Amino acid sequence: MTIPTLTTARLTLRPLEAADAVTLHRIYQTEGVLRYFPNPNPSPIEKLDRFVAGQQEHWEKFGYGNWGILPVGQKEIIGWAGLQFLPELNETEIGFLLDRPFWGKGYATESALASLKYGFENFDLDHIIALAHSQNAASLRVIQKCGMTTDQTLNLWGIELIHHHVDKTTFLALHF
């Protein structure tokens, strides 16, 4: 399958490439980047090689997945964002991860909005979810800016997460 490339005002969301595993490995070493993830310890490079390869498989199976985030003028990705089907919940999740120097610039919101738009416009999804740790204020702000509402708190992958959702009609009315 050919993975689409999306462009926004300041970003290109492009397919992850094998070489991106090295960049992601460096990003994952940055203090605080994995703080609210189920495993806050940086992954070995081999695991990131599998993550990148797994994204191609996810795209082929579901028609959507994660993209590498490339700001205008950058040569290396600064993280990833996109949609993932979560079999544990039988739902599709929006997710994002950025290298610390790029926090607070609106890139997470911009990439999340583009990913949500892609999902709603190209697939028969009545809603998309987001999961966030209750203390991850930055991610919670992004989720709120995407028009998502809080549903419940659940324990998944060994951590407590807040489950949010936005339905297609609400999202498209708010943002497009």
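Look up: the structure comes first, before these words.
Since the structure is predicted, the reported quantities are computational estimates derived from the model, not experimental observations.

Draft legend 1. How the structure looks around the overall build of the protein. Check the secondary structure of the protein and you find 5 helices and 8 strands. Along the protein, helices (α) and strands (β) appear in the sequence β-β-α-α-β-β-β-α-β-α-β-β-α when read from the amino end. Since a compact globule built from 176 residues should have a radius of gyration of about 16 Å, the 15 Å found for the protein is in line with a globular shape. For the protein, with 176 residues in total, the buried portion stands at 48%.

Draft legend 2. Up close: the nonpolar core. If you look at the biggest cluster of nonpolar residues, it comprises 33 residues, and the most contacted ones within it are I94, L116, I128 and M148. Mapped by element, the contributors of at least two residues to this core are β2 (11-15), β3 (66-71), β4 (79-86), β5 (91-98), α3 (107-122), β6 (127-132) and α4 (137-145). The element that contributes the greatest number of residues to this core is α3, accounting for 8 residues. Contacts of I94, omitting those with residues within four sequence positions, involve G82, L83, A112, S115, L116, I128, I129, A130 and M148. L16, I27, L34 and L48 belong to the second-largest nonpolar core, a separate cluster that totals 12 residues.

Draft legend 3. Representation of the side chain of Q84 in the model. Inspection of the secondary structure puts Q84 in strand β4. A polar side-chain atom of Q84 sits 2.8 Å from a polar atom in the side chain of Q55. Apart from the residues lying within four places of it in its own chain, the contact partners of Q84 are Q55, H58, Y64, G65, N66, E91, T92 and E93.

Draft legend 4. Quick look at helix α2 (residues 45-62). Taking 1.5 Å of rise per residue, the 18 residues of α2 would be expected to cover 26 Å, and the 25 Å separating its terminal C-alpha atoms lies within 8% of that figure. Of the residues making up α2, those classed as buried are L48, V52, Q55, H58 and W59. Here the buried residues of α2 occupy an arc of 115 degrees about the axis, which is enough to place them on one side. Set apart from the buried face of α2 by more than 90 degrees, the exposed residues are R50, E57 and K61. Against α1 (20-29), β3, β4 and α3 lie the buried residues of α2. Where α2 ends, the next residue or the one after it, G63, has phi of about 90 degrees, a positive value.

Draft legend 5. Highlighting the packing of aromatic side chains. Here the structure, examined in full by the defined rule, presents 10 aromatic pairs. Considering the side-chain rings of F51 and W80, the 5.9 Å spacing of their centres and the 45 degrees angle between planes classify their relative orientation as tilted. Of this pair, F51 sits in helix α2 while W80 sits in strand β4; the two residues are 29 residues apart in sequence, bridging distant segments of the chain. For F51, a relative accessible area of 22% corresponds to the partly exposed category. On the accessibility criterion, W80 (9% relative accessible area) is buried. Taken together, a centroid distance of 5.3 Å and an interplanar angle of 85 degrees make the contact between W67 and Y118 edge-to-face. Of this pair, W67 sits in strand β3 while Y118 sits in helix α3, and the two are 51 residues apart along the sequence. By relative accessible area, W67 is classed as buried at 0%. Classification of Y118 by relative accessible area gives buried; the value is 12%. Aromatic ring contacts, followed pair by pair, group W59, F62, Y64, W67, F85, Y118 and F123 into a single cluster.

Definitions and limits used
Residues numbered from 1 in each chain as written. Predicted model: local features only at pLDDT ≥ 70, side-chain atom pairs only at ≥ 80, totals over all residues. Heavy atoms only, no water. Helix = DSSP H or I, 4+ residues; strand = E, 2+ residues; numbered from the N terminus. Rg over C-alpha atoms; globule rule 2.2 N^0.38 Å. Buried < 20%, exposed > 50% of the residue type's maximum accessible area, 1.4 Å probe, protein only. Core = buried A, V, L, I, M, F, W, Y, C linked by side-chain atoms within 4.5 Å. Contact = heavy atoms within 4.5 Å. Polar contact = N/O pair within 3.5 Å; in protein donor to acceptor, adjacent residues only side chain to side chain. Expected span 1.5 Å × (residues − 1). Arc of directions from axis to C-beta. Phe/Tyr/Trp six-rings, centres within 6.5 Å; stacked < 30°, edge-to-face > 60°.

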